[in-house]
Amino acid sequence: MHMPKEKPIKEIRLGSIKGAIWKNSTPNGVRYNVTFSRLYKDGDEWKSTDSFGRDDLLVLGKVADQAHSWIFEQAQEEHGEKDGRSPSK
């Protein structure tokens, strides 16, 4: 039986740079991981690589920043921390 390929919970793309956010349930709660790729065209076919050139790095940083913000917002929603602070003890 063929299992469907798991998809990321969120994708962030700026130009040819893409960040895929993956949700992982663990005994300690939800954890998020991010994979980054650069899309390029080889003839008529679109391909991706995890190699980045000099001119890709600032865009990669912006995608990483947006991924971080999205993950942070999810953690706040999951824990009811709407103001960005940890609950008081």
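In the block above lies the structure referred to throughout.
Quick look at the structure, then.

Thresholds applied
- Residues numbered from 1 in each chain as written.
- Predicted model: local features only at pLDDT ≥ 70, side-chain atom pairs only at ≥ 80, totals over all residues.
- Heavy atoms only, no water.
- Salt bridge = Lys/Arg side-chain N within 4 Å of Asp/Glu carboxyl O.
- Buried < 20%, exposed > 50% of the residue type's maximum accessible area, 1.4 Å probe, protein only.
- Pairing = 2+ DSSP bridges.
- Helix = DSSP H or I, 4+ residues; strand = E, 2+ residues; numbered from the N terminus.
- Axes fitted to C-alpha atoms, helices over the stretch in contact; angles between N-to-C directions.
- Contact = heavy atoms within 4.5 Å.
- Core = buried A, V, L, I, M, F, W, Y, C linked by side-chain atoms within 4.5 Å.

## Considerations on the pattern of salt bridges
Counted by the stated rule, this structure contains four salt bridges. Here Lys47 and Asp42 are joined by a salt bridge, their closest N and O atoms 3.0 Å apart. Assessed through its relative accessible area of 30%, Lys47 is described here as partly exposed. Its relative accessible area of 43% is what places Asp42 among the partly exposed residues. When the shortest N-O distance is used, the salt bridge between Asp55 and Arg54 registers 2.9 Å. Each member of the pair, Asp55 together with Arg54, is exposed.

## Here's the deal with the sheet that holds strand 1 (residues 10–14)
The strand order 1-2-3-4 describes an open sheet built from four strands, whose pairing is antiparallel. What marks the edges here is a single partner per strand, and that holds for strand 1 and strand 4 (45–49). The mean angle between the axes of side-by-side strands here comes to 30°, regardless of whether they run parallel or antiparallel. Summarising the sheet, strand 2 (residues 17–26) and strand 3 (residues 29–42) pair through 10 bridges and their orientation is antiparallel. By the bridge assignment for strand 3, Trp22 is matched with Asn33. Sheet contacts for helix 1 (residues 57–79): strand 1, strand 2 and strand 3; angle to strand 3, the most-contacted strand, approximately 155°.

## Things to note about the nonpolar core
Ile12, Ile17, Ile21, Tyr32, Leu60, Val63, Ala67 and Trp70 form the largest nonpolar core, which has eight residues in total. Every element with two or more residues in this core is listed here: strand 2 and helix 1. Among the elements that line this core, the one with the most residues is helix 1, at four residues. What Trp70 contacts, discounting residues up to four positions off in sequence, is Ile9, Lys10, Ile21 and Tyr32.

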